[in-house]
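Chain and residue survey
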Amino acid sequence: METVKKNRSGTTDLTVGRPLAQILRFALPLVLGTLFQQLYSFADTIIVGRCLGTDALGAVGTTYSLNFLILGFIQGACVGFGIPAAESFGAKDHKNLERFLINGAALCIGLSAVFTVVTTLTAPPLLKLIHTPPELFDDASLYIRIIFLGIPATVLYNYSSSVLRAMGDSRHPFYFLLASSLLNIALDWILIVPFGMGVDGAAIATVISQALSGLLCTWWFFSKTAKGHGLSFTKNKLRLSSHHCKKLAYIGLPMGFEYSVSAIGAVIMQDAINLLGSTAVAAQTAGEKIRQMFTLPMESVGMAMATYAGQNHGAGRTDRIRQGIKDGCKIQLCYCAAAWTAIFLCKDFAVGLVLGDADPAVTAGALEYLSVMSLLFCFHGLLMIFRNTLQGLGYSMQAVISGIGELVGRSLGGLLAVTKLGYLGICLANPIAWALAMFYCIFMVTRVMKKER
């Protein structure tokens, strides 16, 4: 019987052991990490909503689609840069692993420089383009520009944690994310309450905390992970390789574009929400913050699936990938049922915690948003399994096409909102997007696995 191989640095070989147990073991720190990250986000929402008011909350919420568009690309690209590393690690090819890590870092430096400059300059015009309500515009512009100035910190964390996960270590990125999330909550309160700052305080706290988690992941990699696997980065190895850069770009950039393509749909949907007025913006913001707390763990299981598929693809273990897909689907469906139950039982309390004594119309809108979304969580859970399997197998362009399905779904929801259904169209936009992308990814994974047989 295959035994699980674990290195002292915390890395795990996912090409051996029972797939269900391995996926659960690897995904658990990722799930806990996103839960604590969302706990921070939830605490941030409470602090902003209670201390600065619903207009400030709406201002932060109206930047979400731009955040998704830009930071989503960065996150997707950094995760993608980790896929060739996972394949090399699964194949026990340390020479190529070193080259992929070095060239991936170089690409990240380039991404940081370009995106920081371009997005900081274009943030205000983009907010006007999506019809940000005038009373929210100044705070929204201030918040998003600080977040965009912190893009190097975002890249540092996402790439360094992606590298650790590619080598089977999902625990230490979780530990460091937990530390930074606690710091984020503390800084939020300190900067907003005693120091009297506004939404800029929340943005500064986010950037500082993300920089800390990135630095900790980088320190752990060089002090423990690299030494534990005998990796070295001599002067000769630091040279750029066009071959390795091309493969990294071929997998990583489409994954970034996939996030951004689906985010364009979120921008269109945000435009529709803004046209419905500040009450709709505040209601959707509160509901979305709570919704993310429940769906981000599904994305973490998906990230685990990408690493699992990448390592096993490198090792030529197609049989394990097939079983992993089945086990991943079981995990997601069980979680979706539990999440729906939890939302059904606690949505009134959660919305009240965020909004306090807000306008009853805002509270009612947030409750409606959660009720509709939670019924359709299964589309999101299964999408994460099949899309990340595609990405782990190196078929990033197909993942981009699935992002087009999300764009169409969110655009359709926005159109229905402003023409026929009103706020209900906003509630249905994400589930429609997930469903369209999910059916495409299931079709493509079925095709790819037949080819890999």
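Residues numbered from 1 in each chain as written. Predicted model: local features only at pLDDT ≥ 70, side-chain atom pairs only at ≥ 80, totals over all residues. Heavy atoms only, no water.

Some words on the overall build of the protein
As a reminder, the rule being used: We count a stretch as a helix when DSSP gives it H or I for four or more residues in a row; a strand needs E for two or more, and each element gets its number in order from the N terminus. The rule is simple: take the accessible area with a 1.4 Å probe, protein chains only, and divide by the maximum for that residue type; under 20% is buried, over 50% is exposed, in between is partly exposed. Residues count as neighbours in contact if any of their non-hydrogen atoms are within 4.5 Å of one another. Each accessible area value is a Shrake-Rupley result obtained with a 1.4 Å probe; residue values ignore everything except the protein chains displayed when judging cover.
Secondary structure summary: the protein contains 15 helices and two strands in total. When its C-alpha atoms are laid out on the principal axes, the protein stretches across 60 × 45 × 35 Å. Looking at the protein residue by residue over its 453 residues, the buried ones come to 60%. When contacts within the protein are restricted to residue pairs at least 6 apart in sequence, long-range pairs at least 24 apart make up 84% of them. Per element, the accessible surface of the protein, about 17,600 Å² overall, is 68% carbon and sulfur.

What to know about helix H12 (residues 360–375)
Under the convention used in this document: One fewer than the residue count of a helix, multiplied by 1.5 Å, yields its expected span.
Helix length check: H12, at 16 residues, gives a terminal C-alpha distance of 23 Å against a target of 22 Å (1.5 Å per residue), a fit within 8%. Along H12, the positions that sit buried rather than exposed are Val362, Gly365, Ala366, Leu367, Tyr369, Leu370, Val372, Met373 and Ser374. The inward-facing, buried residues of H12 contact helix H10 (278–314), helix H11 (318–355), helix H13 (377–392) and helix H15 (423–452).

Let's talk about the nonpolar core
Note the cut-off: Think of a nonpolar core as a cluster: buried Ala, Val, Leu, Ile, Met, Phe, Trp, Tyr and Cys residues, connected wherever their side-chain atoms sit within 4.5 Å.
Counting 118 residues, the largest nonpolar core has Ile325 and Phe377 as the members making the most contacts within it. Among the elements that take part in this core, H10 stands out by supplying 13 residues, more than any other. Excluding residues that lie within four positions of it along the chain, isoleucine 325 makes contacts with Met305, Ile385, Phe386, Thr389, Val445 and Met449.

A look at the packing of aromatic side chains
Using the following cut-off: Any two of the Phe, Tyr and Trp rings considered here, Trp counted by its six-membered ring, make a pair once their centres fall within 6.5 Å; the pair's planes then place it as stacked at under 30 degrees, edge-to-face at over 60, or tilted in between.
Under the defined criterion, the tally for this structure stands at five aromatic pairs. Both rings, one in phenylalanine 73 and one in phenylalanine 115, keep their centres 5.2 Å apart while their planes meet at 20 degrees; by these two values the pair is stacked. With phenylalanine 73 in helix H3 (residues 64–90) and phenylalanine 115 in helix H4 (residues 94–129), this pair connects stretches of sequence that are 42 residues apart. The same class applies to phenylalanine 73 and to phenylalanine 115, which are both buried. Pairing phenylalanine 221 with phenylalanine 222 gives two aromatic rings, centres 5.1 Å apart and planes at 80 degrees, and the pair type is edge-to-face.

Details of the pattern of salt bridges
Our working definition: Note on definitions: salt bridges are taken to be side-chain nitrogens of Lys or Arg within 4 Å of carboxyl oxygens of Asp or Glu.
Taken as a whole, this structure holds four salt bridges when the rule is applied. Note that arginine 291 is salt-bridged to glutamate 288, the shortest N-O span being 2.2 Å. Here arginine 291 pairs with glutamate 288, and both are found in helix H10, just three residues apart, close to one helical turn. Across this residue pair, the class does not change: arginine 291 and glutamate 288 are buried. Residue arginine 317 is joined to aspartate 319 by a salt bridge in which the shortest nitrogen-to-oxygen separation is 3.1 Å. For arginine 317, a relative accessible area of 24% corresponds to the partly exposed category.

Some details on the packing of helix H2 (residues 54–62) against helix H5 (residues 134–149)
Heads up, the rule is: Axis lines are fitted to C-alpha atoms, over the contacting stretch for helices. Their N-to-C directions set the angle, which ranges from 0 to 180 degrees. Any angle from 65 to 115 degrees is called roughly perpendicular, while one under 35 is roughly parallel, one over 145 is roughly antiparallel, and all others are oblique. Rotating anticlockwise by less than a right angle from the far helix to the near helix defines a left-handed crossing, while the corresponding clockwise rotation defines a right-handed one.
At a minimum axis distance of 8 Å, the contact between H2 and H5 shows a crossing angle of 55 degrees. Considering their axes alone, H2 and H5 lie oblique with respect to each other. Considering the relative orientation of H2 and H5, their crossing is right-handed. On H5, the residues that touch Asp55, Ala56, Gly58, Ala59, Val60 and Thr62 of H2 are Leu136, Asp139, Ala140 and Tyr143.

Structural notes on the side chain of histidine 244
As a reminder, the rule being used: We call two N or O atoms a polar contact when they sit within 3.5 Å, provided that within protein one can donate a hydrogen and the other can accept it, with sequence-adjacent residues counted only if both atoms are side-chain atoms.
Take histidine 244: it is sitting in helix H9 (residues 242–276). Judged by its relative accessible area of 6%, histidine 244 is buried. At a separation of 2.7 Å, a polar atom in the side chain of histidine 244 contacts the side chain of asparagine 96. Among residues more than four places away in sequence, those in contact with histidine 244 are Asn96, Arg99, Phe100 and Asn103.

Some remarks on a negative patch on the surface
To keep it simple, the criterion reads: Only residues whose relative accessible area exceeds 30% and that form no salt bridge enter a patch; like-charged residues are grouped when within 9 Å of one another, and nonpolar side chains (Val, Leu, Ile, Met, Phe, Trp, Tyr) when within 5 Å. For this count, His and the chain ends are skipped, Lys and Arg are scored as positive, and Asp and Glu as negative. Charge coordinates come from a single atom per side chain, which is NZ of Lys, CZ of Arg, CG of Asp or CD of Glu.
A cluster of acidic residues, Asp55, Glu135, Asp138 and Asp139, forms a negative patch on the protein surface. For the negative patch, the element with the most residues is H5, which contributes three residues. Locating glutamate 135 in the fold gives a position in helix H5.

A short note on the side chain of serine 160
When you line up the elements, serine 160 lands in helix H6 (residues 151–166). A polar side-chain atom of serine 160 sits 2.6 Å from the main-chain carbonyl oxygen of leucine 156. The residues touching serine 160, leaving out its near neighbours within four places in the chain, are Gly214, Cys217 and Thr218.

Brief notes about the state of the cysteines
Formally, a disulfide is one covalent bond, and it connects the sulfur atom of one cysteine to the sulfur atom of another. Short version of the rule: Disulfides are defined in this document as cysteine sulfur pairs within 2.5 Å.
For the structure on display, the rule yields zero disulfides. Of the cysteine sulfurs around cysteine 78, a residue in no disulfide, the closest is that of cysteine 108, at 4.0 Å. In this structure cysteine 336 is a free cysteine whose sulfur lies 6.1 Å from that of cysteine 378, the closest cysteine sulfur available. On the basis of relative accessible area, cysteine 336 is assigned to the buried category, the value being 7%.

Examining the confidence of the model for the protein
The condition is simple: pLDDT is defined as a per-residue confidence score from the predictor, taking values between 0 and 100.
On average, residues of the protein carry a pLDDT of 83, and 95% of them reach 70 or more. Mean pLDDT per element in the protein: strand S1 (residues 5–6) is the minimum at 52, and H6 is the maximum at 92.

Focus on the environment of leucine 69
Summarising the element assignment, leucine 69 is placed in helix H3. For leucine 69, a relative accessible area of 19% gives the class buried. Taking the C-alpha atoms as reference points, leucine 69 and alanine 306, 237 residues apart in sequence, are found 21 Å from one another.

Examining the environment of glycine 422
As for its placement among the helices and strands, glycine 422 is situated in the loop between helix H14 (396–421) and H15. Between the C-alpha atom of glycine 422 and that of glutamate 288, which follows or precedes it by 134 residues, the distance is 17 Å.

Section: the packing of H3 against H10
The cut-off we apply is this: For this scheme, ten residues count as nonpolar: Ala, Val, Leu, Ile, Met, Phe, Trp, Tyr, Cys and Pro. Four count as charged, namely Asp, Glu, Lys and Arg, and the remainder, Gly too, count as polar.
Between H3 and H10, whose axes approach to 7 Å, the crossing angle comes to 25 degrees. Relative to H10, H3 is oriented roughly parallel. Two packed elements cross with a definite hand, and for H3 against H10 that hand is right-handed. From H3, Tyr64, Ile83, Ala86, Glu87, Phe89 and Gly90 reach across to H10, where they touch Glu288, Arg291, Gln292, Ala306, Thr307, Gly310, Gln311, His313 and Gly314. The residue makeup of the contact of H3 with H10, split by class, is five nonpolar, seven polar and three charged.

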